[in-house]
Structure formats: C-alpha cells, structure tokens
Amino acid sequence: MASIRPMTINDLFKISTTNLDHLTETYNVGFYLEYLTKWPDLCRVIEGVDGNIEGYILGKVEASPYPPPVYPYDPDTNTNLNYLPWHGHITALTVAPSARRLGHATRLTESLEQQADANNGWFVDLFVRKENTLAQELYRKMGYSVYRCVVDYYNDGADAYDMRKPMSRDKGHKHIRDNGEKFRVDPQDVW
C-alpha cells in the first residue's frame, strides 16, 4: 500500500512522471525548494511500495500581506471581500496517471487540511482550471465549493475557480458562498 510522507529534496528527481498531465502546472526547481524551505510540513508525497512517487501536494499557510480592514480580523466586520485571513492553500496537487482513482488525491488533501486546522486557518483554498471538471468534482466530494471565478488567471488565458473548504475555526462558514461561479474577479484582485 502506498504511504504518505514528507517531501524531501531528493524527491524532486523522482516526481517528473507525476507531471505528465496537460492540466498539471509544472514549476522550476527553485519554486519547489522555496516551498520545502518555508512550509516543509505542507509538502508531502505519496510513495508506492516500489519506491516510486505516485503523487504529491505542495501547500502553505498565509494571509494577505497587508493588515485586515478591521483589527483584529473578524469575518463579520471585514469590509474587503478580497482580504484573505490566515488560511491553508493548496498550490499543487497531482497524482501520476498510473496511480489515479486510488484515493491518493483525497489522502494528500486531507493531510494538508489537518495541518491547516492545526495552524488555526479559517479555510483551505486552491485554484483549479475552469475546464478541469474532473478535479472540480473531486474537490466538491471533499467538501470544497467555488468561492469565485478568476478571469484570465493562467498564463494561457484560462479562467480559474477559487475553491474553498472551511476549517473548524470558521464555525459559521463565513468564508464560503453559494453560486461562487457567478462572482468574477480579475487576477490582480486575488492576493
């Protein structure tokens, strides 16, 4: 059975087969190293019994780089809908084509959600291509919903859905909304 473990620098030499999907964003080595340095607990791989990497997740915990509109932050008094309070973010999640439909994406996502909850995040968010309906369905099954549509988010001009799942801190589910597909924003509005 495949097992989840922390990602190491040496794993960067073994993850290329997981990136063979046209919907998977591929990054330069420096990008992966930045995540491994800043957020090592949120970078995980799933390794098969043969030692091959079958999938990975890169994540972080962050907030907007500017102070909240009202301090301390409270979702009921927040006047800036683009302000992002402390939350977990899934930057990359991919599973090798040969290892799909085995629950790996769900297990990797749950491991990141546990870390976000442990870090007192309000929610976990991610961006997914609007045309990637398979991934959207997977995330919906895990409790995510579309918060907004980011127009021209990707380098090729494709739109993205910003999907979110509330964590235990967000008891009133104030960081999600119904019909998020109808809320269209520009990339510069998404920090």
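Look up: the structure comes first, before these words.
Just so it is clear, the model here is predicted, and its values are computed rather than measured.

Peer 1: Explain the overall build of the protein here, please?
Peer 2: Each helix and strand counted, the protein has 3 helices and 8 strands in total. What you see in the protein, going N to C, is helices and strands ordered as β-α-β-β-β-α-β-α-β-β-β. The C-alpha atoms of the protein give a radius of gyration of 17 Å, which matches the 16 Å a tight globule of 191 residues would have. In terms of principal-axis extent, the alpha carbons of the protein reach across some 50 × 35 × 30 Å. Residues counted as buried form 50% of the 191 residues belonging to the protein. As presented, the protein carries roughly 10100 Å² of accessible surface, and 52% of it is formed by carbon and sulfur atoms. Averaging the locations of the 21 positively and 26 negatively charged side chains of the protein gives two centres separated by 3 Å.

Peer 1: Can you walk me through the side chain of His 175 in this structure?
Peer 2: With respect to the element layout, His 175 can be found in the loop between β7 (160–166) and β8 (184–185). By relative accessible area, which is 4% here, His 175 ends up buried. The residues contacting His 175, other than those within four sequence positions of it, are Tyr 73, Pro 75, Pro 85, Trp 122, Phe 123, Tyr 147, Arg 164 and Asp 170.

Peer 1: What is the right way to look at the pattern of salt bridges in this model?
Peer 2: For side chains bearing opposite charge, pairing can occur when the charged atoms are close. One pass over the structure, following the stated rule, counts 11 salt bridges. For Glu 47, the salt bridge is made with Arg 5, and the minimal N-O distance between the two is 3.1 Å. Of this pair, Glu 47 sits in strand β2 (residues 43–47) while Arg 5 sits in strand β1 (residues 3–6), and the two are 42 residues apart along the sequence. The partner of Lys 38 in a salt bridge is Glu 34, with the nearest N and O atoms 2.9 Å apart. Separated by 4 residues within a single helix, Lys 38 and Glu 34 lie in helix α1 (residues 29–38), roughly one turn from each other. The network of salt bridges with common partners includes Arg 5, Asp 11 and Glu 47.

Peer 1: Help me understand the side chain of Glu 54, please; the structure alone is not making it clear to me.
Peer 2: Within the secondary structure, Glu 54 is located in strand β3 (residues 53–62). At 2.6 Å, the side chain of Glu 54 and the side chain of His 104 are in polar contact. If sequence neighbours within four positions are ignored, Glu 54 has contacts with Ala 2, Thr 18, Ile 46, Gly 48, Val 95, Ala 96, Ala 99 and His 104.

Peer 1: In this structure, what is going on with the pairing of β2? I would like to understand it.
Peer 2: Successive residues of a regular strand alternate their side chains across the two faces of the sheet. Within β2, 5 of the 5 residues are buried, leaving the element largely enclosed by the surrounding structure. In this sheet, β3 lies alongside β2 in antiparallel orientation, the contact comprising 5 bridges. Among the inter-strand pairings, Cys 43 is bridged to a residue of β3, identified as Leu 58. Counting the residues between successive antiparallel strands, the hairpin from β2 to β3 contains 5 residues, one of them, Gly 51, with a positive phi of roughly 90°.

Peer 1: I'm lost on α1 in this one. Help?
Peer 2: Since the α-helix turns once every 3.6 residues, residues separated by three or four places project in the same direction. Buried within α1 we find Tyr 32, Tyr 35 and Leu 36. Each buried residue of α1 sits inside an arc of 100° when the element is viewed along its axis, so together they form one side. Structural note: α1 exposes Thr 37 and Lys 38 on the side pointing more than 90 degrees away from its buried face. Contacts made by the buried residues of α1 are with β2, β3 and β4 (87–95).

Reading the values: rules and limits
For every chain, the first residue of the written sequence is number 1, and numbering continues from 1 onward in sequence order. In keeping with the model being predicted, local features are shown solely for residues with a pLDDT of at least 70 and side-chain atom pairs are shown and tallied solely at 80 or more, while totals for entire chains, interfaces and linings include all residues. Computation of side-chain values covers all heavy atoms of the structure but excludes hydrogens and water. The secondary structure listing takes helices from DSSP runs of H or I that are at least 4 residues long and strands from runs of E that are at least 2 residues long, numbered from the N terminus. The globule rule is 2.2 Å times the number of residues to the power 0.38, and the radius of gyration it is compared with is taken over C-alpha atoms. When a residue's accessible area, from a 1.4 Å probe over protein chains only, is under 20% of the maximum for its type it is buried; when over 50% it is exposed; and in between it is partly exposed. All accessible-area figures derive from a Shrake-Rupley calculation using a 1.4 Å probe, and residue coverage is judged against the displayed protein chains alone. Note that His is not counted, nor are the chain ends; the positive residues are Lys and Arg, and the negative ones are Asp and Glu. By convention, the point assigned to a charge is CZ for Arg, NZ for Lys, CD for Glu and CG for Asp. Whether two residues are in contact is decided by their heavy atoms, any of which lying within 4.5 Å being enough. Whenever Lys or Arg places a side-chain nitrogen within 4 Å of a carboxyl oxygen from Asp or Glu, that contact is recorded as a salt bridge. For the purposes of these results, a polar contact is taken to be a pair of N or O atoms within 3.5 Å, where, inside protein, one atom must be able to donate a hydrogen and its partner to accept one; residues adjacent in sequence count only when each atom of the pair is a side-chain atom. Should DSSP find at least two bridges between two strands, the strands are regarded as paired. The arc refers to the directions leading from the helix axis to the C-beta atoms.

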